[in-house]
Amino acid sequence: MSELRLWARVHGARVRWMGATTDGGEVWGATRGVATRVCVTAPDGRVHPIVWRSPLEPATDR
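Described in the following lines is the structure provided in the data block. (Residues numbered from 1 in each chain as written. Predicted model: local features only at pLDDT ≥ 70, side-chain atom pairs only at ≥ 80, totals over all residues. Heavy atoms only, no water.)

Here we look at the sheet that holds strand E3 (residues 35-40)
We apply this condition: Should DSSP find at least two bridges between two strands, the strands are taken to pair. Under the DSSP-based scheme used, a helix requires at least four consecutive residues in state H or I and a strand at least two consecutive residues in state E, with every element numbered from the N terminus. Working convention: axes come from line fits to C-alpha atoms, limited for helices to the stretch in contact. Angles between N-to-C directions cover 0 to 180 degrees.
Spatial strand order, E1-E2-E3: 3 strands in an open sheet with antiparallel pairing. Edge positions in the open sheet fall to strand E1 (15-20) and E3, since each of these has one partner strand only. Within this sheet the neighbouring strands show an average axis-to-axis angle of 30 degrees, counted without direction. As paired elements, E1 and strand E2 (residues 26-32) share 5 bridges and run antiparallel to each other. Looking at the pairing, Ala20 lines up with Glu26 of E2.

Looking at the nonpolar core
Put simply, the test is: Throughout, nonpolar core names a set of buried Ala, Val, Leu, Ile, Met, Phe, Trp, Tyr and Cys residues whose side chains join them through atoms within 4.5 Å. Buried, partly exposed and exposed residues are distinguished by accessible area as a fraction of the type maximum, computed with a 1.4 Å probe on protein chains only: under 20%, between the cut-offs, and over 50%, respectively. Contacts are residue-level and defined by heavy atoms, with any inter-residue pair within 4.5 Å sufficient.
Residues Leu4, Trp7, Ala8, Ala13, Ala30 and Cys39 constitute the largest nonpolar core, which totals 6 residues. The leading source of residues in this core is helix H1 (residues 2-11), at 3 residues. Residues in contact with Cys39, not counting those within four places in the same chain, are Met1, Leu4, Glu26, Val27 and Trp28.

Considerations on a nonpolar patch on the surface
Definition in use: Patch definition: residues above 30% relative accessible area lacking any salt bridge, with like charges linked at up to 9 Å and the nonpolar side chains Val, Leu, Ile, Met, Phe, Trp and Tyr linked at up to 5 Å. Reported accessibility uses the Shrake-Rupley method at a 1.4 Å probe radius. Residues are deemed covered only where the shown protein chains occlude them. A side-chain nitrogen of Lys or Arg and a carboxyl oxygen of Asp or Glu constitute a salt bridge if their distance falls within 4 Å.
Among the surface-exposed residues, Met18, Val38 and Val40 lie close enough to one another that they form a single nonpolar patch of about 260 Å² accessible area. Residue position: Met18 is located in strand E1.

A word on H1
We count it as follows: Of all possible arcs, the one meant is that of the directions from the helix axis to the C-beta atoms.
All of the buried residues in H1 are Leu4, Trp7 and Ala8. For H1, the arc enclosing every buried residue in end-on projection is 100 degrees, short of the 170-degree limit, so these residues lie on one face. Opposite the buried face of H1, at more than 90 degrees from it, the exposed residues are Ser2, Glu3, Arg9 and Val10. Buried residues in H1 make contact with E1, E2 and E3. Phi turns positive one or two residues past the end of H1, at Gly12, with a value near 70 degrees.

Observations concerning the side chain of Glu26
Just so we agree on the cut-off: Definition of a polar contact: a pair of N or O atoms within 3.5 Å, with one able to donate and the other able to accept a hydrogen when the atoms are protein atoms, and with sequence-neighbouring residues admitted only if both atoms are side-chain atoms.
Topologically, Glu26 is positioned in strand E2. Side-chain polar atoms of Glu26 contact the side chain of Trp28, separated by 3.3 Å.

Quick look at the pairing of E3
Where E2 meets E3, 6 bridges bridge the pair, whose relative direction is antiparallel. Looking at the pairing, Val27 lines up with Val40 of E3.

Below, the structure is given as structure tokens:
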């Protein structure tokens, strides 16, 4: 995570939470142009809901 923060700071990007893995880890990322750097943390024991968001289908719950 510290390497992702360093890369984001050097490239003027923002680190943001991108979601969760099925085993409880978190996915963090920083995007600059077409490059996205990702960090996946170890599972922390919490259960995150799995949500499907399609860029091709209109959202019905928003």
